[in-house]
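If you want the building blocks of each chain, they are given just below.
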Amino acid sequence: MPGNPDTTGLPVVSIRGLEKSFGALAVLRGIDLDVARGDVVSIIGSSGSGKTTLLRCINALETYDNGSIQLDGVEVQFRNDEAGRRQRRNEWELARLRAETGMVFQLFYLFPHLTALQNVMLGLRKVRKMEVAEAKSVATDWLSRVGLADKAGSLPSQLSGGQQQRVGIARAAAMGPKVLLLDEITSALDPELVGEVLAVVRKLADDGMTMLMVTHEMAFAREASSRIIFIDAGRVAVEGAPGEVFREQANDRLRSFLARVSHL
Amino acid sequence: MFWSVIESLPFVWRGLLVTLGAAALTVSMSLVAGLLLGTIVTYAPWPARIPVRLFSDLIRGIPILVLIFFVYYGLPVTGLNLNNFAAGVLAITLFSTAQVVEITRGSLQSLHHGQMEAAKAIGLNFPQRLTYVIFPQAVRRFLPPWINSVTDAVKGTALLSLVGIVDLMLAIQQVIGRTYAPMPLYVLGALIYFVINYSLSSLSRRLEARYAYIKE
Ligand SMILES: Nc1ncnc2c1ncn2[C@@H]1O[C@H](COP(=O)(O)OP(=O)(O)OP(=O)(O)O)[C@@H](O)[C@H]1O
Ligand SMILES: [Mg+2]
């Protein structure tokens, strides 16, 4: 990987012509997307439109067929070999690059054998190579930022869904990722627990965390994001500031999508 | 007759040691090999998976006794000469390895794929993901069937007597040949096997309880 050129002015995430098929099903058909530092971008779109797939491509949980995804100017999944051919990066390079993107999952996926504190500490210890004391203090700090200082010693099975998801956010954010990817992180929660999780996301946004989130919470997307992306037929169909996107409803597909979700 | 039975106890004791030695060798070698091959069969790309799959299916399709005869009489044909103890232990180890492969695969696959993904997402590499996330959760599902397979291996060692190894089983039969007291000696033998296996299964229950805190 190249060193750290000055990338302050460049987008953190830069996606060009991204294409991805599952067999005959072309899910992404040329996505172009830039996420600037400190941006909070919400991705909306109907079920099956490829929102999850897009996030998974960014942190290399899924490979893509064509196009490019760059993180601070570094191609995430591929590199060119000596002969100039495109090669998928090996396991070690992928692992290092994945550490630069955080992912929060719809179903939390906390490690059930570890306490909340240990869940947050694992990546700090093994990937960031921090000493126990340092990892512990960083992890404790993040648990308090998500309002769970008193649950540090609890196992995931002893936490509510909302608390588990907040640990999930702390686990991802503590790694100091360049971008945090959030995939419908409140859709598995009971309605009364959604608020506490969104409040944490809101706070991260205010603290300047760069985020790319898939959400069905239109009110939250409208209020918390700096930009909205509507994905349709594998492309970015509409893109703009929340006010604009929701006010103008620039195309029919967006209009019918918004009409449908507002009934939910 | 009573005294001759008592007098023969040291001989039975030596047989027991042979049984325990064979079992210990079998269990430890099959554990290492089975964990490795089971991990390969679960995660490796198909060219590495296929030979392991074939090995496991083949071995599990052969009765353990046939396997013992096969290794004992068959290997010398290929020019490899093993004494009867080594041949017998090798055969039971092969059998047991195939069991451990399947138990390993089963317990790894029973974990939600989200665990692997969450571990990837924080940047752990493959060995780290196995060490810190996957294996610690898989033990809980691995232990009960594995202890079961250990008791199978212990019982399987009784078949070593058929290739002339004086294990617990053959020692008892030889003592019966000398003393004509089959009942007390068979009861003694059954009791010893039972005590070994019962200790193993209570150990298993204790271990299970120790890992019961992991709830997905
Ligand atoms: N591993 C896979 N193998 C085959 N098809 C897949 C796979 N993952 C996703 N798909 C398909 O790709 C399409 C896009 O899926 P994706 O999960 O990205 O949609 P989504 O926009 O996140 O939908 P939702 O809002 O329901 O979460 C769907 O048709 C889905 O069935
Ligand atoms: Mg999705």
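Our subject is the structure listed above.
A quick note: this is a predicted structure, and the numbers were derived from the prediction, not measured. (Residues numbered from 1 in each chain as written. Chains lettered and ligands numbered in written order. Predicted model: local features only at pLDDT ≥ 70, side-chain atom pairs only at ≥ 80, totals over all residues. Heavy atoms only, no water.)

### With respect to the overall build of chain A
Each helix and strand counted, chain A has nine helices and twelve strands in total. Against the compact-globule benchmark of 18 Å for 264 residues, chain A has a radius of gyration of 19 Å, which places it among compact chains. Its C-alpha atoms give chain A principal-axis dimensions of roughly 55 × 50 × 35 Å. Within the span of chain A, comprising 264 residues, buried residues form 56% of the whole. Sequence separation of 24 or more characterises 62% of the internal contacts of chain A that already satisfy a separation of 6 or more. Here chain A holds 32 positive side-chain charges and 32 negative ones, and the gap between their average locations is 3 Å. (Helix = DSSP H or I, 4+ residues; strand = E, 2+ residues; numbered from the N terminus. Rg over C-alpha atoms; globule rule 2.2 N^0.38 Å. Buried < 20%, exposed > 50% of the residue type's maximum accessible area, 1.4 Å probe, protein only. Contact = heavy atoms within 4.5 Å. Lys, Arg positive; Asp, Glu negative; His and termini not counted. Charge placed at Lys NZ, Arg CZ, Asp CG, Glu CD.)

### Describing the packing of helix α4 (residues 64-74) of chain B against helix α5 (residues 84-109) of chain B
All names here are of chain B. Two elements in contact, α4 and α5, have axes separated by 8 Å at closest approach and are oriented at 135°. Here α4 lies oblique to α5, going by the angle between them. As for the relative orientation of α4 and α5, their crossing is right-handed in sense. Residue-level contacts link Ile64, Leu67, Ile68, Val71 and Tyr72 of α4 to Asn84, Ala87, Leu90, Ala91, Ile92, Leu94 and Phe95 of α5. (Axes fitted to C-alpha atoms, helices over the stretch in contact; angles between N-to-C directions. Parallel < 35°, antiparallel > 145°, perpendicular 65-115°, else oblique. Left-handed = near helix turned anticlockwise from the far one by under 90°.)

### Some points on the pairing of strand β11 (residues 227-232) of chain A
All names here are of chain A. Of all six residues in β11, six are buried, a share of seventy percent or more. Side chains Arg227, Ile229 and Ile231 project from β11 onto one buried face, and the interleaved Ile228, Phe230 and Asp232 project onto a second face that is buried too. In this structure, strand β3 (residues 40-44) lies alongside β11, joined through four bridges in parallel fashion. When the bridges of β11 are listed, Ile43 appears paired with Ile229. (Pairing = 2+ DSSP bridges.)

Functional significance is not addressed by these values, which are geometric in nature.
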